[in-house]
Amino acid sequence: MVLGMTNRRVLISGAGVAGPALAFWLHRHGFTPTVVERAPELRDGGYAVDFRGASLRVLDRMGLLPQVEAAATRMGEVTYVDGDDRPLVGTPASVQSGELEILRGDLSRILYDATKDDVEYVFGDSITGVLERGDGVTVTFEHGEPREFDLVVGADGLHSNVRSLVFGDESWYRRDLGYYVSICTVPNHLGLDHVGRFYNEPNRTIGVYSARDNAEAKALFWFGSPPIDYDHRDVEQQRRIVEETFSGAGWETPTLLEAMREAPDFYFDSASQIVLDSYSRGRVALVGDAAYCAAPLSGMGTSLAIVGAYVLAGELAAADGHVKAFGAYEAEMRGFVDACQKLAQGNGKWFVPPTRGWIRLRNLNYKLLPYLPWRKVIEEMPLKAGNAITLKEYAAARA
Ligand SMILES: Cc1cc2nc3c(=O)[nH]c(=O)nc-3n(C[C@H](O)[C@H](O)[C@H](O)COP(=O)(O)OP(=O)(O)OC[C@H]3O[C@@H](n4cnc5c(N)ncnc54)[C@H](O)[C@@H]3O)c2cc1C
């Protein structure tokens with residue numbers, strides 16, 4: 001810890017992945033982080049997320065790699081099937097699941113458990129105002145009393161509240177990729193054993209994969225669409241959008257739609273990226289999806305969140321003041337962010353083919369993949385992006 005270090009009191013908005021990871025490192029470096037989360041409790045449902053490259057080294061430095069490995073999904077192949085559930089082509093686990101895959105909720109829980117004894121968590125509240133003074137920030141809340149902090153960090157996801165309050169309207173920074181995704185927990189009615197089955201119709205991908213050692217499954221619905229006007233908080237409206245978009249689709253879709261109606265952890269959002277010219281304004285910074293969402297099509301969002309938290313905390317501990325620290329954080333992260341965001345661009349057509357011709361082309365590509373000369377390039381592309389940063393060793397950063 002740096003003696004005389006300033007900016008000790010850091011308010012973090014969001015207890016997803018980036019928020020608790022940042023709190024972990026800030027505490028390790030001698031800061032006093034507080035995390036405010038809008039949800040009344042930790043949101044531990046959700047889909048599978050992958051780790052690649054540098055993020056695994058950060059987990060290792062946190063001492064949490066064994067826990068994450070113990071909770072890994074251990075997913076095998078994903079098979080694309082036709083309307084009668086006949087296998088068309090398989091994709092190996094390395095394509096779908098990265099180097100290590102875990103349910104997002106399990107990861108969030110591991111990070112929370114690793115920090116909850118040292119970090120103040122305030123659930124069920126949200127920031128309403130951030131007023132910067134020369135030497136600090138006065139923060140107002142929906143429910144709690146106003147409080148003073150030295151710095152504020154928005155780790156509150158794609159639709160970041162802190163970003164809207166301090167950087168401006170989301171529409172200025174959000175780049176929609178033309179796809180929507182819905183995921184929820186459903187019964188494992190096909191009896192899948194650590195595998196997934198996906199089915200395509202033009203512009204629609206429906207899938208199901210087993211989770212929690214086959215005790216349940218995750219259903220996913222992807223579709224291509226121009227921007228849809230909907231309320232982010234109105235879950236019933238979102239369920240209706242999914243229902244209408246997928247009504248009439250074949251294979252197991254009617255069963256999965258029925259289960260979706262009852263699902264406790266329904267998730268719906270656009271596949272979007274956040275592109276900012278700066279990750280900070282004054283005493284406020286952003287981390288994770290709030291700063292540089294790469295979209296689920298990249299498979300890199302969690303890696304970015306974990307690495308971003310490590311770098312931001314490390315630079316705050318190392319630099320003399322937040323201005324230098326935020327500048328160094330950005331300089332370290334830019335190239336990594338660009339590489340991860342690039343992965344998603346152009347990826348959509350392979351995952352949600354727009355026509356029957358594209359579906360056939362995608363399947364043929366997977367069939368021929370083992371024999372293609374550029375196979376290694378395709379397989380190694382995500383790994384290359386995941387390693388597009390050299391992690392510094394920050395003082396006091398070893399477990
Ligand atoms: C379908 C899907 C599949 C994905 N697959 C992968 C994958 O394979 N690999 C991968 O690396 N990534 C994947 N991702 C992306 C990954 O989930 C995110 O990039 C990652 O969770 C980012 O973490 P975060 O902490 O920045 O944001 P989030 O996990 O979104 O957490 C934000 C937190 O902020 C809270 N919050 C929101 N508003 C407020 C507020 N006003 N006040 C306080 N708190 C607030 C939220 O409740 C939430 O807890 C996927 C995402 C989706 C949607």
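In case you missed it, the structure is sitting above this.
Calculation rules
Residues numbered from 1 in each chain as written. Predicted model: local features only at pLDDT ≥ 70, side-chain atom pairs only at ≥ 80, totals over all residues. Heavy atoms only, no water. Helix = DSSP H or I, 4+ residues; strand = E, 2+ residues; numbered from the N terminus. Buried < 20%, exposed > 50% of the residue type's maximum accessible area, 1.4 Å probe, protein only. Polar contact = N/O pair within 3.5 Å; in protein donor to acceptor, adjacent residues only side chain to side chain. Contact = heavy atoms within 4.5 Å. Near = heavy atom within 4 Å. Areas by Shrake-Rupley, 256 points an atom, 1.4 Å probe, with all protein chains shown as cover. Nonpolar A, V, L, I, M, F, W, Y, C, P; charged D, E, K, R; others polar. Salt bridge = Lys/Arg side-chain N within 4 Å of Asp/Glu carboxyl O.

(A) Local environment of the side chain of T73. Position of T73 among the secondary structure elements: in the loop between α3 (65-70) and β4 (78-81). The exposure class assigned to T73 is buried, which follows from its relative accessible area of 14%.

(B) Looking closely at the side chain of Q273. Locating Q273 in the fold gives a position in strand β16 (residues 267-274). A relative accessible area of 0% means that Q273 is categorised as buried. There is a polar contact of 3.0 Å between the side chain of Q273 and the backbone oxygen of A294. Among the polar contacts made by the side chain of Q273, one reaches the main-chain carbonyl oxygen of Q341 at a distance of 2.9 Å. Not counting residues within four places of it along the chain, the set of residues in contact with Q273 comprises Y173, R174, R175, L177, C293, A294, A295, Q341, A344 and Q345.

(C) Broad picture of the site of the ligand. Not every one of the 31 residues close to the ligand is listed here, only the nearest: A18, E37, R104, D289 and T302. Interatomic distance of 2.9 Å between a backbone N/O atom of V17 and an oxygen atom of the ligand. A distance of 2.8 Å separates an oxygen atom of the ligand from a polar side-chain atom of R43. If the ligand stood free it would expose 1000 Å²; the protein chains cover 92% of that surface. Residue assignment for the shell around the ligand shows that the elements contributing at least two residues are β2 (32-37), β3 (48-51) and α10 (301-318). Tallied by class, residues from the shell around the ligand come to 13 nonpolar, 11 polar and seven charged.

(D) Looking closely at the pattern of salt bridges. Going through the model one piece at a time under the given rule, you end up with 24 salt bridges. A salt bridge links R86 to D82, with the nearest nitrogen and oxygen atoms 2.9 Å apart. Of the residues examined, D82 reaches a relative accessible area of 17% and is grouped as buried. In this structure, R239 engages E236 in a salt bridge whose closest nitrogen and oxygen atoms are separated by 3.4 Å. With a gap of three residues between them, R239 and E236 both fall in helix α7 (residues 235-246), about one helical turn apart. Among the charged side chains, a network of salt bridges with common partners joins D106, R212, E216, K218 and D265.

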